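These are the residues of each chain, in order.
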Amino acid sequence: MAEDDATITIDRPRGLRVEADGSRDRRIEDLSNLYLIHPAARALLPVALRLGVSANAVSLSGLALGAIAAACYARWDSAWLALLGLLFSTGWMVADGLDGMIARATGTASATGRFLDGLCDHGVFILIYVSLAMSVGTVTGWTLAIVAGVFHAAQSSLYEGERARFQRRAKGIARTTPPVIAGNPLVRAYDRLATSIDHMALPFERRMASDADPVAFGRAYARDAVPIMRWMTLLSANVRIGAIFIAALLGDPALFWAFEIAILSAVAAIALVSHRKVERGYAALSPSRPSASLFADTTSKEQDYR
């Protein structure tokens, strides 16, 4: 729910100008985010600011769009309704990007807003999964939907954790102590899984913190981790929305649940193992080797991705 790495400045009423930070790295963004979802959200941002629409209101609007998409998918056997389901799902994703932009542009980001945003995000998929399961109407269908939902929640949590670690490290910021988990029980449960890898990643974090040039160290790491993070974009909501639509067109929602349970689980496992391998390689680098010479080609290679 964030935009790319190009910082933009937005005019607000009464001449006030607010900079919406670009907190996501373009190199690891889903292509549909780069060329459709985020541009659409950015186009709506000035309008939302002029009207004084809050980020939480946009989150709830996104949930409403997702609910309409779920209602459409109740008749997934109709190609036209399946297409409407895809369109309303896309509208939800635009709202999911816009709420974060509004929160950052207005300085109203909060733990409550983050929880509401996550609740709406998962709520949309729950509604769609339930709608599909009800339309199938079999015990097998319900079982697949529930199992796929559990796998989805775990994969999403791990994916967000991996993205957060990558983006922080790419800026040269090390975290040598695991993050403190706080908030209500649901937030704690989600964040505990998202940050579970932090304990395994401590050797990397300590090596990065001790480097003479943590920024160069982080850029070099990012260069090698980008292919893995691109692979992980298969775990994005965008891919799932597309897969649901394709399964509907093929006439069997179970194809999506199988994709979620088998294929996306394999993607998550491969990416997690590969990312830990990159971390171990950098953690093992000798501190005596100067970053300037070790990572001399980082800047030029990094530019190739932008």
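Refer to the preceding data block for the structure.
As the structure is a prediction and not an experimental result, all values here were calculated from the model.

J.: Can you help me understand the packing of helix H1 (residues 31-51) against helix H3 (residues 79-106) in this one?
T.: Each pair of packed helices can be summarised by the angle the axes make with each other and by the distance between the axes. Relative to each other, H1 and H3 sit at 50 degrees, their axes nearing to 8 Å. Taken as axis vectors, H1 and H3 run oblique relative to one another. In this structure, the crossing between H1 and H3 has a hand that is right-handed. On H3, the residues touching Leu 36, Ile 37, His 38, Ala 40, Ala 41, Arg 42, Leu 44, Leu 45, Ala 48 and Leu 49 of H1 are Thr 90, Met 93, Val 94, Gly 97, Leu 98, Met 101, Ile 102, Ala 105 and Thr 106. Here the contact of H1 with H3 is composed, by residue class, of 14 nonpolar, four polar and one charged.

J.: It is not clear to me how the environment of Arg 223 should be interpreted in this structure. Could you clarify?
T.: Mapped onto the fold, Arg 223 is located in helix H9 (residues 214-232). By relative accessible area, which is 14% here, Arg 223 ends up buried. Separated by 196 residues in sequence, Arg 223 and Arg 27 have C-alpha atoms that sit 9.6 Å apart.

J.: So what exactly am I meant to see when it comes to helix H8 (residues 202-210) here?
T.: Since the α-helix turns once every 3.6 residues, residues separated by three or four places project in the same direction. Of the positions making up H8, those classed as buried are Leu 202, Phe 204, Glu 205, Arg 207 and Met 208. Looking at the buried side of H8, the elements it contacts are helix H5 (139-170), helix H7 (196-200), H9 and helix H11 (254-283).

J.: Looking at this model, I keep getting lost on the environment of Tyr 159. Mind explaining?
T.: Mapped onto the elements, Tyr 159 comes out in helix H5. Residues Tyr 159 and Ala 268, spaced 109 residues apart in sequence, show a C-alpha to C-alpha distance of 7.7 Å. Apart from residues no more than four positions distant in its own chain, Tyr 159 is found in contact with Met 232, Thr 233, Leu 235 and Ser 236.

Reading guide: rules and limits
Residues numbered from 1 in each chain as written. Predicted model: local features only at pLDDT ≥ 70, side-chain atom pairs only at ≥ 80, totals over all residues. Heavy atoms only, no water. Axes fitted to C-alpha atoms, helices over the stretch in contact; angles between N-to-C directions. Helix = DSSP H or I, 4+ residues; strand = E, 2+ residues; numbered from the N terminus. Parallel < 35°, antiparallel > 145°, perpendicular 65-115°, else oblique. Left-handed = near helix turned anticlockwise from the far one by under 90°. Contact = heavy atoms within 4.5 Å. Nonpolar A, V, L, I, M, F, W, Y, C, P; charged D, E, K, R; others polar. Buried < 20%, exposed > 50% of the residue type's maximum accessible area, 1.4 Å probe, protein only.

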